[in-house]
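# Residue-level structural notes
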Amino acid sequence: MRRALLPSLFTLGLAGPAVAADRVLVCDVGGPGEPMQAAAMLEKFVRFTEKQAGLAEGRLEGVYANTTKDCAAAAAKQAPALVVLDLGTWVQRRADWALTPLAHFGPLDLRRYHVVVAADGPADAAALAGRSLQSSLEDPRFVARVVLGGKVAPEALEMKTARRPLGAVRKVQKGKLDAALVDDVTLKSARDLGLLPPLKVAVESPGLPGLTLGAAKGADPALVKAVAAKAGTLCQADGAEMCGLLGVDSVVPPSTVTMDALQGQYDGGK
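Criteria and cut-off values
- Residues numbered from 1 in each chain as written.
- Predicted model: local features only at pLDDT ≥ 70, side-chain atom pairs only at ≥ 80, totals over all residues.
- Heavy atoms only, no water.
- Helix = DSSP H or I, 4+ residues; strand = E, 2+ residues; numbered from the N terminus.
- Buried < 20%, exposed > 50% of the residue type's maximum accessible area, 1.4 Å probe, protein only.
- Contact = heavy atoms within 4.5 Å.
- Expected span 1.5 Å × (residues − 1).
- Arc of directions from axis to C-beta.
- Pairing = 2+ DSSP bridges.
- Axes fitted to C-alpha atoms, helices over the stretch in contact; angles between N-to-C directions.
- Disulfide = S-S within 2.5 Å.
- Parallel < 35°, antiparallel > 145°, perpendicular 65-115°, else oblique.
- Left-handed = near helix turned anticlockwise from the far one by under 90°.

On to the environment of L234. Tracing the backbone through its elements, the reader meets L234 in the loop between α7 (221-230) and α8 (240-245). Classification of L234 by relative accessible area gives buried; the value is 3%. Sequence-wise, L234 and S250 are 16 residues apart; in three dimensions their C-alpha atoms are separated by 7.7 Å. Among residues more than four places away in sequence, those in contact with L234 are F45, F48, T49, Q52, L213, G239, C243 and V251.

Taking 1.5 Å per residue as the helical rise, helix α9 (residues 256-268) with its 13 residues ought to reach 18 Å, and the 18 Å between its terminal C-alpha atoms agrees with that figure. Among the residues making up α9, those that are buried are M259, L262, Q263 and Y266. For α9, the arc enclosing every buried residue in end-on projection is 105 degrees, short of the 170-degree limit, so these residues lie on one face. In this structure, the buried residues of α9 make contact with α3 (87-93), β5 (100-105), α4 (140-147) and β11 (212-215).

Reading across from one edge, β8-β7-β9-β6-β10 is the order of the five strands in this open sheet, with mixed pairing throughout. Single-partner strands in this sheet number two, and they are β8 (158-161) and β10 (200-204). Taking the axes of each pair of neighbouring strands and ignoring which way they run, one obtains an average angle of 30 degrees across the sheet. Relative to strand β9 (residues 179-183), strand β7 (residues 132-135) runs parallel, the two being bridged by three bridges. Residue pairing for β9: L133 is matched across the bridge by A179.

Attention shifts here to the state of the cysteines. This model, assessed by the stated rule, comprises two disulfides. Across the disulfide from C27 sits C71; the S-S distance is 2.1 Å. A torsion of 90 degrees about the S-S bond marks the disulfide between C27 and C71 as right-handed. With a gap of 44 residues between them, C27 in strand β2 (residues 22-27) and C71 in helix α2 (residues 68-77) connect regions that are remote in the sequence. For C27, a relative accessible area of 0% puts it in the buried group. Linked covalently through their sulfurs, C235 and C243 form a disulfide whose S-S length is 2.0 Å. Residues C235 and C243 are joined through a disulfide that is left-handed, its torsion about the S-S bond being -85 degrees. In the chain, numbering the disulfide-bonded cysteines from first to last in sequence yields the connectivity 1-2, 3-4.

What follows concerns the packing of helix α5 (residues 165-173) against helix α6 (residues 184-192). Packing of α5 against α6 brings their axes to within 9 Å, and their N-to-C directions diverge by 50 degrees. As judged from the angle between their axes, α5 and α6 are oblique. Crossing geometry of α5 relative to α6 is assigned as right-handed. Here P165, L166 and V169 of α5 lie close against α6, whose contacting residues are T186, S189 and A190.

Spelled out as C-alpha coordinates, the structure:
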(Lines give C-alpha, C1' and ligand atoms only; values in the text may rest on other atoms or scores of the structure.)
Protein backbone atom coordinates (compact mmCIF):
# COMPACT_ATOMS: atom_id res chain seq x y z
CA MET A 1 0.00 0.00 0.00
CA ARG A 2 1.45 3.32 -1.09
CA ARG A 3 -0.23 5.56 1.50
CA ALA A 4 1.77 6.05 4.68
CA LEU A 5 2.43 8.72 7.25
CA LEU A 6 5.09 11.17 6.09
CA PRO A 7 5.85 14.80 6.92
CA SER A 8 4.55 17.41 4.52
CA LEU A 9 8.04 18.92 4.19
CA PHE A 10 11.23 18.09 6.02
CA THR A 11 14.99 18.01 5.69
CA LEU A 12 17.08 15.11 6.85
CA GLY A 13 19.93 15.75 9.28
CA LEU A 14 23.52 15.85 8.04
CA ALA A 15 26.59 14.12 9.35
CA GLY A 16 30.17 15.26 8.94
CA PRO A 17 31.60 18.71 8.21
CA ALA A 18 29.40 21.74 7.65
CA VAL A 19 29.53 21.78 3.85
CA ALA A 20 26.65 21.93 1.43
CA ALA A 21 25.36 18.43 0.82
CA ASP A 22 23.88 17.34 -2.48
CA ARG A 23 20.12 17.72 -2.24
CA VAL A 24 17.84 14.78 -2.97
CA LEU A 25 14.41 16.29 -3.55
CA VAL A 26 11.52 13.86 -3.11
CA CYS A 27 8.21 15.24 -4.39
CA ASP A 28 5.03 13.17 -4.40
CA VAL A 29 2.19 15.60 -5.02
CA GLY A 30 -0.96 14.28 -3.40
CA GLY A 31 1.10 11.78 -1.44
CA PRO A 32 0.97 11.21 2.32
CA GLY A 33 1.70 14.08 4.69
CA GLU A 34 1.48 13.73 8.45
CA PRO A 35 3.92 15.09 11.06
CA MET A 36 7.37 13.51 11.17
CA GLN A 37 6.40 9.89 11.83
CA ALA A 38 8.53 8.56 8.97
CA ALA A 39 11.48 10.97 9.18
CA ALA A 40 13.80 8.39 10.73
CA MET A 41 12.90 5.87 8.06
CA LEU A 42 13.64 8.32 5.26
CA GLU A 43 16.95 9.27 6.82
CA LYS A 44 17.80 5.59 6.98
CA PHE A 45 16.96 5.29 3.30
CA VAL A 46 19.19 8.21 2.31
CA ARG A 47 22.05 6.84 4.38
CA PHE A 48 21.52 3.45 2.73
CA THR A 49 21.70 5.10 -0.70
CA GLU A 50 25.03 6.66 0.25
CA LYS A 51 26.34 3.31 1.40
CA GLN A 52 25.24 1.48 -1.72
CA ALA A 53 26.73 4.14 -4.00
CA GLY A 54 30.00 4.31 -2.08
CA LEU A 55 29.45 7.90 -0.97
CA ALA A 56 30.65 9.53 2.24
CA GLU A 57 28.04 9.63 4.99
CA GLY A 58 26.31 13.01 4.92
CA ARG A 59 27.01 13.56 1.23
CA LEU A 60 23.28 13.58 0.55
CA GLU A 61 20.52 15.69 2.10
CA GLY A 62 16.94 14.53 1.62
CA VAL A 63 13.88 16.78 1.44
CA TYR A 64 10.29 15.57 1.05
CA ALA A 65 7.28 17.55 -0.18
CA ASN A 66 3.77 16.47 -1.09
CA THR A 67 2.39 19.68 -2.61
CA THR A 68 3.43 21.56 -5.71
CA LYS A 69 4.06 24.67 -3.62
CA ASP A 70 6.36 22.95 -1.12
CA CYS A 71 8.22 21.12 -3.87
CA ALA A 72 8.91 24.38 -5.71
CA ALA A 73 9.95 26.10 -2.46
CA ALA A 74 12.43 23.34 -1.62
CA ALA A 75 13.96 23.52 -5.10
CA ALA A 76 14.18 27.31 -4.94
CA LYS A 77 15.99 27.15 -1.59
CA GLN A 78 18.62 24.79 -2.98
CA ALA A 79 18.70 23.29 -6.45
CA PRO A 80 18.50 19.50 -6.26
CA ALA A 81 21.22 17.24 -7.57
CA LEU A 82 18.99 14.17 -7.50
CA VAL A 83 15.21 13.94 -7.52
CA VAL A 84 12.56 11.34 -6.78
CA LEU A 85 9.37 12.66 -8.39
CA ASP A 86 5.82 11.62 -9.08
CA LEU A 87 4.97 11.56 -12.78
CA GLY A 88 3.02 14.83 -12.77
CA THR A 89 5.90 16.72 -11.18
CA TRP A 90 8.38 15.04 -13.53
CA VAL A 91 6.66 16.11 -16.76
CA GLN A 92 6.00 19.57 -15.35
CA ARG A 93 9.63 20.15 -14.28
CA ARG A 94 11.60 18.07 -16.78
CA ALA A 95 12.71 20.94 -19.01
CA ASP A 96 13.35 23.52 -16.25
CA TRP A 97 15.39 21.11 -14.13
CA ALA A 98 17.00 19.32 -17.11
CA LEU A 99 15.97 15.96 -15.67
CA THR A 100 17.48 12.64 -16.71
CA PRO A 101 15.73 9.46 -15.53
CA LEU A 102 17.93 6.98 -13.66
CA ALA A 103 15.38 4.43 -12.40
CA HIS A 104 11.73 3.87 -11.51
CA PHE A 105 10.41 2.73 -8.15
CA GLY A 106 8.22 -0.19 -9.15
CA PRO A 107 6.93 -1.15 -12.61
CA LEU A 108 6.06 1.38 -15.28
CA ASP A 109 2.33 0.74 -14.79
CA LEU A 110 2.39 1.06 -10.99
CA ARG A 111 -0.21 3.81 -10.55
CA ARG A 112 -3.72 4.04 -11.89
CA TYR A 113 -6.29 6.75 -11.31
CA HIS A 114 -10.06 6.37 -11.29
CA VAL A 115 -12.88 8.86 -11.80
CA VAL A 116 -15.65 8.06 -9.32
CA VAL A 117 -19.12 9.42 -10.10
CA ALA A 118 -22.74 8.83 -9.12
CA ALA A 119 -24.66 6.05 -10.85
CA ASP A 120 -26.21 8.63 -13.21
CA GLY A 121 -23.08 10.82 -13.37
CA PRO A 122 -20.70 11.61 -16.26
CA ALA A 123 -20.23 8.55 -18.47
CA ASP A 124 -16.73 9.24 -19.78
CA ALA A 125 -13.81 11.67 -19.69
CA ALA A 126 -15.33 14.04 -22.26
CA ALA A 127 -18.44 14.37 -20.10
CA LEU A 128 -16.32 15.82 -17.27
CA ALA A 129 -16.10 19.16 -19.11
CA GLY A 130 -17.67 21.82 -16.93
CA ARG A 131 -18.36 19.37 -14.08
CA SER A 132 -16.94 19.70 -10.59
CA LEU A 133 -13.95 17.43 -9.97
CA GLN A 134 -11.74 17.01 -6.92
CA SER A 135 -8.39 15.23 -6.85
CA SER A 136 -5.21 15.06 -4.78
CA LEU A 137 -3.44 15.88 -8.06
CA GLU A 138 -2.99 19.62 -8.55
CA ASP A 139 -2.23 20.11 -12.26
CA PRO A 140 -5.28 20.22 -14.58
CA ARG A 141 -2.99 19.85 -17.59
CA PHE A 142 -1.55 16.60 -16.27
CA VAL A 143 -4.98 15.29 -15.34
CA ALA A 144 -6.57 16.19 -18.69
CA ARG A 145 -3.77 15.22 -21.04
CA VAL A 146 -2.13 12.26 -19.31
CA VAL A 147 -4.55 10.76 -16.78
CA LEU A 148 -7.64 11.32 -18.94
CA GLY A 149 -5.84 10.73 -22.23
CA GLY A 150 -6.57 14.11 -23.81
CA LYS A 151 -10.32 13.43 -23.98
CA VAL A 152 -11.09 16.71 -22.24
CA ALA A 153 -9.30 20.07 -22.37
CA PRO A 154 -7.47 21.24 -19.24
CA GLU A 155 -9.37 24.51 -19.23
CA ALA A 156 -12.67 22.62 -19.31
CA LEU A 157 -12.01 20.92 -15.98
CA GLU A 158 -13.62 22.54 -12.93
CA MET A 159 -10.91 21.06 -10.75
CA LYS A 160 -10.07 21.65 -7.09
CA THR A 161 -7.51 20.00 -4.83
CA ALA A 162 -8.74 17.33 -2.43
CA ARG A 163 -6.56 17.00 0.67
CA ARG A 164 -8.69 14.04 1.74
CA PRO A 165 -9.45 12.00 -1.40
CA LEU A 166 -11.89 9.70 0.40
CA GLY A 167 -13.71 12.82 1.53
CA ALA A 168 -14.12 13.77 -2.14
CA VAL A 169 -15.73 10.39 -2.79
CA ARG A 170 -18.17 11.01 0.07
CA LYS A 171 -19.05 14.39 -1.48
CA VAL A 172 -19.96 12.59 -4.70
CA GLN A 173 -22.10 10.21 -2.63
CA LYS A 174 -23.92 13.16 -1.07
CA GLY A 175 -24.46 14.92 -4.40
CA LYS A 176 -22.14 17.81 -3.50
CA LEU A 177 -19.59 16.97 -6.18
CA ASP A 178 -19.83 15.57 -9.70
CA ALA A 179 -16.65 13.50 -9.67
CA ALA A 180 -13.65 12.47 -7.58
CA LEU A 181 -10.34 11.41 -9.13
CA VAL A 182 -8.62 8.90 -6.84
CA ASP A 183 -5.77 6.41 -6.86
CA ASP A 184 -5.93 2.65 -6.34
CA VAL A 185 -5.57 2.90 -2.57
CA THR A 186 -8.45 5.34 -2.13
CA LEU A 187 -10.63 3.37 -4.54
CA LYS A 188 -10.08 0.21 -2.50
CA SER A 189 -10.98 2.07 0.70
CA ALA A 190 -14.16 3.39 -0.92
CA ARG A 191 -15.14 -0.12 -1.97
CA ASP A 192 -14.35 -1.54 1.45
CA LEU A 193 -16.67 1.07 2.95
CA GLY A 194 -19.48 0.14 0.57
CA LEU A 195 -19.44 3.43 -1.35
CA LEU A 196 -18.97 1.57 -4.66
CA PRO A 197 -21.59 0.61 -5.65
CA PRO A 198 -23.85 2.57 -5.86
CA LEU A 199 -21.12 5.00 -6.96
CA LYS A 200 -19.24 3.83 -10.06
CA VAL A 201 -15.93 4.27 -11.85
CA ALA A 202 -16.55 6.20 -15.07
CA VAL A 203 -12.93 6.42 -16.25
CA GLU A 204 -9.79 4.47 -15.42
CA SER A 205 -6.37 5.75 -16.44
CA PRO A 206 -3.75 3.54 -18.03
CA GLY A 207 -1.06 2.25 -15.70
CA LEU A 208 1.46 5.02 -15.13
CA PRO A 209 4.92 5.17 -13.51
CA GLY A 210 5.05 5.93 -9.81
CA LEU A 211 8.12 7.73 -8.49
CA THR A 212 11.09 8.24 -10.78
CA LEU A 213 14.67 8.70 -9.60
CA GLY A 214 16.54 11.20 -11.73
CA ALA A 215 19.48 13.56 -12.02
CA ALA A 216 18.93 17.31 -12.23
CA LYS A 217 20.79 20.15 -13.90
CA GLY A 218 24.27 20.76 -12.50
CA ALA A 219 24.54 17.46 -10.65
CA ASP A 220 28.06 16.10 -10.14
CA PRO A 221 28.52 13.51 -12.94
CA ALA A 222 30.48 11.23 -10.60
CA LEU A 223 27.62 11.33 -8.06
CA VAL A 224 25.05 10.57 -10.74
CA LYS A 225 27.11 7.67 -12.09
CA ALA A 226 27.60 6.19 -8.62
CA VAL A 227 23.91 6.34 -7.70
CA ALA A 228 22.72 5.14 -11.10
CA ALA A 229 25.03 2.13 -10.92
CA LYS A 230 23.43 0.98 -7.64
CA ALA A 231 19.86 2.18 -8.19
CA GLY A 232 18.64 -1.36 -8.72
CA THR A 233 19.67 -2.30 -5.17
CA LEU A 234 17.82 0.47 -3.34
CA CYS A 235 14.87 -1.74 -2.31
CA GLN A 236 17.16 -4.28 -0.71
CA ALA A 237 18.30 -4.56 2.94
CA ASP A 238 17.86 -1.18 4.69
CA GLY A 239 15.95 0.16 1.68
CA ALA A 240 13.18 -2.46 1.85
CA GLU A 241 11.15 -0.65 4.52
CA MET A 242 11.00 2.58 2.55
CA CYS A 243 10.15 0.78 -0.68
CA GLY A 244 7.40 -1.05 1.20
CA LEU A 245 5.75 2.28 1.99
CA LEU A 246 5.81 3.09 -1.71
CA GLY A 247 4.06 -0.18 -2.44
CA VAL A 248 7.02 -1.56 -4.39
CA ASP A 249 9.67 -4.18 -3.84
CA SER A 250 12.03 -3.34 -6.67
CA VAL A 251 13.67 -0.52 -8.61
CA VAL A 252 13.63 -0.96 -12.38
CA PRO A 253 15.80 0.59 -15.12
CA PRO A 254 14.61 3.87 -16.64
CA SER A 255 12.44 3.80 -19.74
CA THR A 256 13.30 6.82 -21.86
CA VAL A 257 10.75 5.75 -24.46
CA THR A 258 7.92 5.70 -21.91
CA MET A 259 8.90 8.98 -20.29
CA ASP A 260 9.31 10.71 -23.66
CA ALA A 261 5.88 9.51 -24.76
CA LEU A 262 4.24 10.76 -21.56
CA GLN A 263 6.09 14.06 -21.87
CA GLY A 264 4.72 14.40 -25.40
CA GLN A 265 1.20 13.88 -24.09
CA TYR A 266 1.70 16.52 -21.42
CA ASP A 267 3.33 19.05 -23.74
CA GLY A 268 1.17 18.58 -26.78
CA GLY A 269 -1.98 16.92 -25.64
CA LYS A 270 -1.36 13.98 -27.97
